[in-house]
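Letter by letter, the chains look like this.
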Amino acid sequence: MLQQTQVKTVLPRYHQFLDEFPSVEDLAAASEESVCEAWAGLGYYRRARNLRRGACYVMENLGGVIPSTASELEAIPGIGRYTAGAIASIAFGEEAPLVDGNVVRFLARYFVLPGDKEDKTLKKTLWATTTEMVKGKQPGDFNQALMEQGATVCKPVAPRCGECCVQRDCGAYEKGAPEAYPAPRPSAKRKSLFIAFAWHENKSGLWLEQRGLDGLWSGLWELPSGQGDTMEEAMADLAKKVSVDASEPLMTVRHILTHRNVEAVIYSLGKLPRSRASSGKRYRLPLEAPLSGLARKAILATQTVL
Ligand code: SF4
């Protein structure tokens, strides 16, 4: 739940989720739909589905008992090396290492290691290094301290070297260039994605639809849309659902994703299909729904011209 989401947002949701699925058995017995419903608003629905898939695996293959070692945990679908190390060390006290983005940054600076943050050799070195470092009495505390150091002190920008407890031995600090490590990533050329949105508002609110549970912005809400590699493709995709007044767009917004430059054009809806017109549940108050970042931007921008 904490991936890309702040602790204060997650806390109440975490307790609600545990109330609904108090055991591995309950989670495995629940339908995928009900687990995703309980996850609504947290985004990245693949995590919810993986969690349920993992619970099913534990029930079917491990007699309902969650294993306590990183190597056994890694066999569970949805649990990677980092998560296995975190669970094994924090919950079960195994001397299991973990490496996340914070750990990469902190140790790359401390040991003055070459390579950008995704560099395979750098990661391999860090897994080997942390395997040695984690040996001791409280491996879970050690791993949490390592992650916290990266998250709160050795930050990506303007690291707090003046307050850092390992400053004396830090190689990057000694060189006077903490932010030069890890090396910057060569910038990948972003592809373009075009989206055509349909805008329809009535007394019940704005017409929103939920995206599918796979792919970009999975499970989040947005204006009815079509997408493609060109605006023509996006319009053709949208036309499969609704007809819009293409003569005069209401608004154009641009949005940047890690690998994509997105251009979205918002059009007024033409004639509303009868089946949709009678379906009240498709209308929601726009800013209360868990919207994709692009949809929120598009709605706010369009509201300024209406
Ligand atoms: Fe990071 Fe600065 Fe501490 Fe080095 S001294 S570990 S660069 S915060």
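Computed from a predicted model, the values in this text were never measured in an experiment.

**Structural notes on helix α4 (residues 45-61)**
Thinking step 1. For α4, which comprises 17 residues, the first-to-last C-alpha distance of 24 Å matches the rise-based estimate of 24 Å (1.5 Å per residue) to within 8%.
Thinking step 2. Buried within α4 are the following residues: Y45, R47, A48, R49, N50, R52, G54, A55, C56 and V58.
Thinking step 3. Remark: G63 follows α4 within two positions and exhibits a positive phi of approximately 60 degrees.

**As for a negative patch on the surface**
Thinking step 1. Among the surface-exposed residues, D19, E20, E33 and E37 lie close enough to one another that they form a single negatively charged patch.
Thinking step 2. Looking at the negative patch, the elements that each hand over two or more residues are α1 (7-20) and α3 (32-39).
Thinking step 3. Relative to the elements of secondary structure, D19 occurs in helix α1.

**Topic: the packing of aromatic side chains**
For any two aromatic rings, the description comes down to two numbers: the centre-to-centre distance and the angle of the planes.
Thinking step 1. Throughout the structure, instances matching the rule amount to four aromatic pairs.
Thinking step 2. Seen from their ring centres, F106 and Y110 are 6.0 Å apart, and the 55 degrees between their planes marks the pair as tilted. With F106 and Y110 both in helix α7 (residues 101-110) and four residues apart, the pair spans about one turn of that helix.
Thinking step 3. By relative accessible area, F106 is classed as buried at 9%.
Thinking step 4. Through a chain of ring-to-ring contacts, the aromatic side chains of F17, F21 and W39 assemble into a single cluster.
Thinking step 5. R81 extends its terminal NZ or CZ atom over the ring of W127, reaching a point 3.9 Å from the ring centre.

**Digging into α1**
Thinking step 1. With 14 residues, α1 ought to run about 20 Å at 1.5 Å a step, and its terminal C-alpha atoms sit 20 Å apart, in line with that.
Thinking step 2. For α1, the full list of buried residues reads V10, R13 and F17.
Thinking step 3. Where α1 is buried, its residues contact α2 (24-29), α3 and α4.

**Some details on the pattern of salt bridges**
Thinking step 1. In this structure the tally under the stated criterion is nine salt bridges.
Thinking step 2. Here E209 and K241 are joined by a salt bridge, their closest N and O atoms 3.8 Å apart. Here E209, found in strand β4 (residues 209-210), pairs with K241, found in the loop between α11 (231-239) and β7 (244-245); they are 32 residues apart in sequence, far enough to count as distant.
Thinking step 3. Judged by relative accessible area, which is 33%, K241 ranks as partly exposed.
Thinking step 4. Where E222 meets R211, a salt bridge forms, and the shortest distance between an N and an O atom there is 3.0 Å. With E222 in strand β5 (residues 221-222) and R211 in the loop between β4 and β5, this residue pair connects regions lying 11 residues apart in the sequence.

**Section: the packing of helix α6 (residues 81-92) against helix α9 (residues 139-153)**
Each pair of packed helices gets described by two things: the angle between the helix axes and the distance between those axes.
Thinking step 1. Where α6 meets α9, the axes come as close as 7 Å, and the angle between the chain directions of the two elements is 130 degrees. Overall, the two elements α6 and α9 adopt an arrangement that is oblique. Crossing hand, α6 versus α9: left-handed. Residue-level inspection shows Y82, G85, S89 and I90 of α6 in contact with α9, the latter providing P139, G140, N143, Q144 and M147.
Thinking step 2. A breakdown of the residues in the contact of α6 with α9 according to their chemical character gives four nonpolar, five polar and no charged.

Reading the values: rules and limits
Residues numbered from 1 in each chain as written. Predicted model: local features only at pLDDT ≥ 70, side-chain atom pairs only at ≥ 80, totals over all residues. Heavy atoms only, no water. Helix = DSSP H or I, 4+ residues; strand = E, 2+ residues; numbered from the N terminus. Expected span 1.5 Å × (residues − 1). Buried < 20%, exposed > 50% of the residue type's maximum accessible area, 1.4 Å probe, protein only. Patch = residues over 30% accessible without salt bridge, like charges linked within 9 Å, V, L, I, M, F, W, Y side chains within 5 Å. Areas by Shrake-Rupley, 256 points an atom, 1.4 Å probe, with all protein chains shown as cover. Salt bridge = Lys/Arg side-chain N within 4 Å of Asp/Glu carboxyl O. Lys, Arg positive; Asp, Glu negative; His and termini not counted. Charge placed at Lys NZ, Arg CZ, Asp CG, Glu CD. Phe/Tyr/Trp six-rings, centres within 6.5 Å; stacked < 30°, edge-to-face > 60°. Lys NZ or Arg CZ within 6 Å of the ring centre and 35° of its normal. Contact = heavy atoms within 4.5 Å. Axes fitted to C-alpha atoms, helices over the stretch in contact; angles between N-to-C directions. Parallel < 35°, antiparallel > 145°, perpendicular 65-115°, else oblique. Left-handed = near helix turned anticlockwise from the far one by under 90°. Nonpolar A, V, L, I, M, F, W, Y, C, P; charged D, E, K, R; others polar.

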